[in-house]
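Understanding the architecture of this molecule
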Amino acid sequence: MTATPFYINANDPPAKQRILAEGLRLFARQGLSETSIRDIAAATGYSNPALYKHFPSKQALAQYLFALCYREQFARLSAALKDAKAFEPSLHAYLYTLARLYDEAPEATIYLANYLPDFWPQMPASMKKRTVITLTREMLRKGRREGVVSRDHPTELQIALITGTVTQLTRQLFLGATEGPATKLVPNLVRLLSSALK
């Protein structure tokens, strides 16, 4: 028996649970514009009206899923980085957390990677106060203080190096161009990024 994915609430009605699971799967695999309400209804076995009972539109479902997935990613990263004192353990915890999340929920991870530009502007202000970018910046500042992250390059470029590498690796894993599990790649990724950030 497989564990219930984080984006499914056991207290939700079965129809909502199926809508969330199939909606995320279809959005990640086919794309938002290519997925219709009819596609989701067919995948869930429920009628279009049943879907509209839980979400007023495909866009509402897509935004709900994005916010749910982003909050989970942020919460896991925040918890993982909380106790890491030095830069290298922080970088390892950061990358391992994201890799583990990918291995557990690849559709959620690729959905975030692909649709961040679409949904981030519509997210509530409370979500924008502390973000994955904020956590990445704080981790890099720690590395700069320790002298293991170069001060010769702008922090924003270093953030792009880390987040861009992780995002591209996520896509390669999802498309089968790189062999997983993602967690197996973390030690090499730590070495690669540590070297690039010096």
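Quick caveat, the model's predicted, so the values are computed rather than measured.

Quick notes on the overall build of the chain
Along its length, the chain carries 10 helices and 0 strands. On the principal axes, the C-alpha backbone points of the chain span a range of 60 × 35 × 30 Å. By the burial criterion, 46% of the 198 residues in the chain qualify as buried. Long-range contacts, defined as pairs at least 24 residues apart, comprise 67% of the intrachain contacts of the chain with a sequence gap of at least 6. Counting only carbon and sulfur atoms, one obtains 54% of the accessible surface of the chain, whose full area is about 10500 Å². Treating the 25 positive side-chain charges of the chain as one cloud and the 16 negative ones as another, the clouds have centres 5 Å apart.

So, the pattern of salt bridges
Considering all chains together, one arrives at 8 salt bridges under this definition. Close ionic contact of E72 with R76 constitutes a salt bridge, the shortest N to O distance being 2.7 Å. With E72 and R76 both in helix α4 (residues 58–82), this residue pair falls 4 residues apart, about one helical turn. Overall, the relative accessible area of 22% leaves E72 in the partly exposed class.

Some details on the layout of surface pockets
What the largest pocket holds in volume is close to 510 Å³. If you trace the largest pocket, you find 25 residues lining it, with Q73, V132, T163, V166 and T167 closest to the centre. Elements supplying a minimum of two residues to the lining of the largest pocket: α4, α5 (87–104), α6 (106–119), α8 (132–146), α9 (155–174) and α10 (186–197). Counting residues per element, the lining of the largest pocket draws most heavily on α9, at 6 residues. Across the lining of the largest pocket, the residue classes tally to 19 nonpolar, 6 polar and no charged.

Thoughts on α10
With 12 residues, α10 should cover 16 Å at 1.5 Å per step; its first-to-last C-alpha distance of 16 Å lies within 8% of that length. When α10 is considered as a whole, its buried residues turn out to be V186, L189, V190, L193, S194 and L197. Projected down its long axis, α10 carries its buried residues within an arc of 125°, all on one side. Summarising the geometry of α10, the exposed residues directed more than 90 degrees from the buried face are R191 and L192. Buried residues along α10 sit in contact with α5, α8 and α9.

Brief notes about the side chain of E107
Assignment of secondary structure puts E107 in helix α6. You can call E107 buried: its relative accessible area is 15%. Contact partners of E107, with chain neighbours within four places excluded, come to L24, R25, A28, R29 and F174.

How each quantity is defined
Residues numbered from 1 in each chain as written. Predicted model: local features only at pLDDT ≥ 70, side-chain atom pairs only at ≥ 80, totals over all residues. Heavy atoms only, no water. Helix = DSSP H or I, 4+ residues; strand = E, 2+ residues; numbered from the N terminus. Buried < 20%, exposed > 50% of the residue type's maximum accessible area, 1.4 Å probe, protein only. Contact = heavy atoms within 4.5 Å. Areas by Shrake-Rupley, 256 points an atom, 1.4 Å probe, with all protein chains shown as cover. Lys, Arg positive; Asp, Glu negative; His and termini not counted. Charge placed at Lys NZ, Arg CZ, Asp CG, Glu CD. Salt bridge = Lys/Arg side-chain N within 4 Å of Asp/Glu carboxyl O. 1 Å grid on protein atoms, 1.4 Å probe; cavity = no way out; pocket = protein on both sides within 12 Å on 5 of 7 lines; lining within 4 Å. Points joined across faces, edges and corners; volume = space filled by probe spheres on them. Nonpolar A, V, L, I, M, F, W, Y, C, P; charged D, E, K, R; others polar. Expected span 1.5 Å × (residues − 1). Arc of directions from axis to C-beta.

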